[in-house]
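# Chains, contacts and geometry: an overview
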Amino acid sequence: MAVKQVFKKGCKLMGNQFEFSAVADDENWANERIEMAIEEVKRIEKLLTTYNNDSETNQVNDNAGIQPVAVSRETFELVKRSIVISKVTQGAFDITYGSIDKKLWNFDQNMTALPDKDTAKKMVRLINYRNITLDDKNCTIFLRERGMRIGFGGIGKGYAAERAKLIMQQTGVESGVVNAAGDLNVWGTQPDGKKWTIGIANPDSSRQVFSELSLTDAAVATSGNYEKFVMIDGKKYSHTINPRTGLPVTGIKSVTIISTNAEIADAMATPVTIMGVYAGLDMINQMKDIEAIIIDDDDKLYTSKNINIT
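Residues numbered from 1 in each chain as written. Predicted model: local features only at pLDDT ≥ 70, side-chain atom pairs only at ≥ 80, totals over all residues. Heavy atoms only, no water.

### Thoughts on the pairing of strand β13 (residues 252-259)
Taken across its 8 residues, β13 has 8 buried, putting it largely inside the fold. Judged from the 6 bridges that link them, strand β10 (residues 218-224) and β13 form a sheet pairing that is antiparallel. Each bridged residue has a counterpart across the sheet, and for G224 the counterpart in β13 is S254. For β13 and strand β14 (residues 290-296), the ladder comprises 7 bridges, and the chain directions are antiparallel. (Buried < 20%, exposed > 50% of the residue type's maximum accessible area, 1.4 Å probe, protein only. Helix = DSSP H or I, 4+ residues; strand = E, 2+ residues; numbered from the N terminus. Pairing = 2+ DSSP bridges.)

### Some remarks on the sheet that holds β10
Reading across the sheet, the 8 strands line up as β1-β2-β6-β7-β10-β13-β14-β15 and stay open at both edges, with antiparallel pairing between neighbours. Of all the strands in the sheet, the pair left with one neighbour each is β1 (5-13) and β15 (301-303). Taking the axes of each pair of neighbouring strands and ignoring which way they run, one obtains an average angle of 10° across the sheet. Sheet analysis places β1 next to strand β2 (residues 16-24), joined by 9 bridges and oriented antiparallel. (Axes fitted to C-alpha atoms, helices over the stretch in contact; angles between N-to-C directions.)

### Some remarks on the side chain of N63
The topology assignment puts N63 in the loop between α2 (56-62) and β3 (69-70). Classification of N63 as buried rests on a relative accessible area of 16%.

### Some words on the packing of helix α1 (residues 27-48) against helix α5 (residues 156-170)
Pairs of packed helices are described in terms of their axes, by the angle between the two and the distance that separates them. In contact at an axis separation of 9 Å, α1 and α5 are set at 145° when each is read in the N-to-C sense. For the crossing formed where α1 meets α5, the hand is right-handed. Facing R33, I34, M36, A37, E40, V41, R43, I44 and L48 of α1, the residues of α5 in contact are G156, Y159, A160, R163, A164, I167 and M168. A breakdown of the residues in the contact of α1 with α5 according to their chemical character gives 11 nonpolar, 1 polar and 4 charged. (Left-handed = near helix turned anticlockwise from the far one by under 90°. Contact = heavy atoms within 4.5 Å. Nonpolar A, V, L, I, M, F, W, Y, C, P; charged D, E, K, R; others polar.)

### Some details on the packing of aromatic side chains
Evaluated as defined, the whole model comprises 2 aromatic pairs. Relative to F20, the ring of F18 has its centre 6.0 Å away and its plane inclined at 25°; by these criteria the two rings are stacked. Residue F18 shares its accessibility class with F20, and that shared class is buried. Judged by centre distance (5.9 Å) and plane angle (80°), the rings of Y278 and Y302 are edge-to-face. Placement of the pair is Y278 in helix α7 (residues 277-285) and Y302 in strand β15, with a sequence separation of 24 residues. For Y278, a relative accessible area of 63% puts it in the exposed group. On the basis of relative accessible area, Y302 is assigned to the buried category, the value being 13%. (Phe/Tyr/Trp six-rings, centres within 6.5 Å; stacked < 30°, edge-to-face > 60°.)

Okay, structure coming up:
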């Protein structure tokens, strides 16, 4: 009798490193299903990317302040869900963040000073999810102000991971993992019948494990300042920008969200970082099927009420 194993394949998708794992007793069978998942992520990337002029995202952006744009029902519904998350997080999550100029925030070695507060404030004037008009009947999206731009950097990866998992499940993969650049979607069990072991990265050294969780049928997403940041006058500034001020968030090293859905986990990690420890945890504690682990700048650990970590 063939023994079940974990078959894996990694590749670069959506500008990030993805890895797909399937538990199976036949390598060719597993690889076929992984390839289907990869094709699904490529399809979503074409739909949502801002790096292709023909994408639906860019068509909407190019017509900001001009006219509504007809899009696929899939893109329409993703934007609709994004607006719901914006309302829940009081604007800490906002897909109209795309108007922030990359010249203002490049987070590279050339950046030696923060932009002044007034300049930053002007840049975020166009960030306002309330200025997205959706027409359900005609399936159109309209950005009401010229210069507005939507982007799916805060939710697209999670959506793709959720879709990839669904494709693998529909084609018979009973246990597996979709790892979208550290955002994980797991279901079923390992070949030995145990749950999947998920490592939470140490915010001071992303290659070290800070703590471990045993999970199945769950998604985990982490937002941290340990991969993309800039040091100015000895202080570390995260690449996460507060959409209200246009300035980087301080005070939190990392936020890990655990949910039953990868899209939700991905979308909630950044707003909790922006809201801060107490407001972020208060919000999470009022929601169903979602938990959070926060590490602040002083290495203090905070968790939502239903969580146990080792």
